[in-house]
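Now for the letters of each chain:
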Amino acid sequence: MSERLSPSGIPVPAVVRPADVSTDYARDLGDPGQYPFTRGVQPTMYRGRLWTMRQYAGFGTAKATNERFKLLLDAGQTGLSVAFDLPTQMGIDSSSSRAAGEVGRVGVAIDTVDDLHLLFDGIPLDKVSTSMTINATASTLLAMYIVVAEERGISREKLSGTVQNDILKEYIARGTYIYPPAPSLALTAEMFRFCAAEVPQWNPISISGYHIREAGATAVQEVAFTFADALAYVQQAVDAGLPVDLFAPRLSFFFAAHNDLFEEVAKFRAARRLWARLMRERFGANDQSCRLRFHTQTGGVTLQAQQPLNNVVRVTVQALAATLGGTQSLHTNGYDEALALPTAEAATLALRTQQIVGYESGIANTVDPLAGSWYVEQLTDAVEARAMELLTKVDELGGAAEAIRAGFFQEEIARSAYEYQLRVESGDTVVVGVNKFGDGQDPPIIPAPDFSALERDQVARLAAVKAQRDPNAVTAALQQLVAVAPQYLATHSGPRAELMPLIIDAVRARASVGEIADALEGVWGRYRPE
C-alpha cells in the first residue's frame, strides 16, 4: 500500500497505537480488524477502500426511480438503496382500496416482478450492490430480485446486497408489520438459511437501530434495543438448527448518525465491541461472526424545514461521525427532505458531501483517528456499559419479543422523545433556525408530483400483468405456499419445509406482493398490538 502524506508532507501511518501496547489495549481495543473490533472490522479500513456510498431513493414509479438511480450512479454512487411505498411495505397491491392515496407517496410502488424489472432496467445486478428497505414483505422482494436476475441470465450466487427484514423493530417503532411475531421470526430464520445456501453474497437482514432512533431513542437506547432484536434473531436461527457461524458473518446492521459528533463516534466504536463480546460469550461465535458490519444514514429527524440549507451542515457533521466511527456504507440525506422527496440537486449535493469527506478531509488516511482521545474512549466505555444495562433489563423480561409485548421498548423510547422535546421547547437544546437564530420566514414549498395520476398508471400496470399471466400457475404456486405455511407457526415442532423456493415460484408466475401476503396472512393471521 502506497505511503500517505499529510498536506504538509508528514507521513501518515495506517494505524496509530499507544507507545506501550498493554493487555488492556488488546482486550478493549485491539488493532483494526482484530477482536473485539473496537477500532474497525477491517485492518486497513478506508485506506484500502472507502465506504460504499449508497444513496436511498424511491420515487413513485419504477421508471422515475430508475432514472434517479442512473443519475446517482453517473455521479459516482457505489451502491443502490431502494425506498418502497407503504402499500408495498404492508403487502397491499396498488389496486386495493386499502392502498388508495398512498401509492408511490413515500417510495416506489412494486406490485409484481415486472415492476422490479423496470426499476433495475439497464443496471447490471451482478456488478452493483443493492439494499432494499423492506421488512414484512422482505422475502417477496428478495424473491423478485432473484427472479429479475434469473430472467436476465444472472445467477443468484453473483448477487450482492441486503434486505432489511427486521420485523421486531416494526413492532417497536415503525408499524409496517403484517403477521404475528412467531411466524415472522420463523420466516426470518428461513431467509438466513436460504441466503447462506443460495445467495452467499447477500445479507439476509439489516437489523435497524435507525428507525428506533428516529422514533426518539437516545444513542444508548439505539444500540441496546437494536442488539436485543439481533440476539432474538440469532437465537431463533440457532433454535432452527442453523450453526451460528453459517449465517452470522452475513448479519448486517443499520444505525443513525446524529449531531453530537463525539457521542456518535463513541456509539459506533462501543457497538462493535459490545456485539463482538455478546456473540462470543452467548453463542461461542468465531471472529468472523463477531464482526459488526453496518450501514449508516444521517438523521432524518434532525432535518428542519426552517432554513433548509442549514441541513447541509448538519448532514456533513453526521457524515463525519459515521465515517470517523467506521461505517461500511453511508446514505447522506438531502437538505430538502424535511419538505418533500429530495430534488435531484439536493440528492447530488448529498452524494458530493460524502465524496468530499472521503477524498478531501484526510480521515481516510489512517484507521480510527480518534482512538486514544481521553474523551472518546471514556464515552465509548460509557455507551457500552449503559447499553449493557438496558440489555440486561430486556433479558430479565424474557428477551425482545416479551419486552415488546410488555411495552418496555415503546415506553423507554417515548420517554426519551418527550424529554428531548421539552429541552427543545425550553431552549436548553438549541436547534439553529428553529428555537434560536430564526429569520421569521416560512419554509419554502416544493411542488409535489400528481400522485393520483401515478396511482392510476400503477393500477393499470398491475391489471395488464394479471391479464397476461397464467392464472392456473399463480393459483398452484399460492396453494403450495398455503400448504407449507402452517409449519411456520409457533405450535409446529420439528424441521420445516423450505418456504423461500415456493415464494420464488409464486413470484416467477407473476403473483403480486399483495397476493403472496394475503396467502400467508390467511394461515398466520395478522398482528394486533395488545
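For the structure itself, look to the data block above.
Because the structure is predicted, anything quoted here is derived from the model rather than measured.

Here is what the cut-offs are and how they apply
- Residues numbered from 1 in each chain as written.
- Predicted model: local features only at pLDDT ≥ 70, side-chain atom pairs only at ≥ 80, totals over all residues.
- Heavy atoms only, no water.
- 1 Å grid on protein atoms, 1.4 Å probe; cavity = no way out; pocket = protein on both sides within 12 Å on 5 of 7 lines; lining within 4 Å.
- Points joined across faces, edges and corners; volume = space filled by probe spheres on them.
- Helix = DSSP H or I, 4+ residues; strand = E, 2+ residues; numbered from the N terminus.
- Nonpolar A, V, L, I, M, F, W, Y, C, P; charged D, E, K, R; others polar.
- Buried < 20%, exposed > 50% of the residue type's maximum accessible area, 1.4 Å probe, protein only.
- Lys, Arg positive; Asp, Glu negative; His and termini not counted.
- Salt bridge = Lys/Arg side-chain N within 4 Å of Asp/Glu carboxyl O.
- Contact = heavy atoms within 4.5 Å.
- Polar contact = N/O pair within 3.5 Å; in protein donor to acceptor, adjacent residues only side chain to side chain.
- Pairing = 2+ DSSP bridges.
- Axes fitted to C-alpha atoms, helices over the stretch in contact; angles between N-to-C directions.

*Asks:* Please set out the layout of surface pockets residue by residue, giving values where relevant.
*Replies:* Of the voids in this model, the second largest pocket is the one considered here, and its volume is about 980 Å³. If you trace the second largest pocket, you find 33 residues lining it, with R213, A217, H258, Y420 and R423 closest to the centre. At the level of secondary structure, the elements contributing two or more residues to the lining of the second largest pocket comprise α8 (210–214), α9 (219–239), α11 (261–283) and α17 (408–426). Broken down by element, the residue count for the lining of the second largest pocket peaks at nine residues, all from α17. When grouped by side-chain class, the residues that make up the lining of the second largest pocket number 13 nonpolar, 10 polar and 10 charged.

*Asks:* Please provide a residue-by-residue account of the side chain of E455, values included.
*Replies:* Looking at the element boundaries, E455 is found in helix α18 (residues 451–468). Although E455 is buried, it makes no salt bridge; R105 carries the closest opposite charge, 6.4 Å away. Not counting chain neighbours up to four residues away, the residues in contact with E455 comprise A99, A100, G101, E102 and V103.

*Asks:* Can you lay out the environment of Q297 for me, pointing to particular residues and giving the numbers?
*Replies:* Within the element layout of this structure, Q297 appears in strand β10 (residues 294–298). In this structure Q297 touches Y56, Y210, F254, F255, A256, A257, H331 and N333, once residues within four positions along its chain are discounted. Side chain to side chain, Q297 and N333 meet in a polar contact 3.0 Å long.

*Asks:* Please provide a residue-by-residue account of the sheet that holds strand β4 (residues 79–83), values included.
*Replies:* Here nine strands make up an open sheet; going across it, the order is β7-β6-β5-β4-β3-β11-β10-β9-β8 and the pairing parallel. The open sheet terminates on both sides in strands that have one partner only, identified here as β7 (202–203) and β8 (206–208). Sitting on the sheet, α11 is in contact with β9 (252–257) and β10, with an inclination near 160° to β9.

Shape descriptors only; they carry no functional weight alone.
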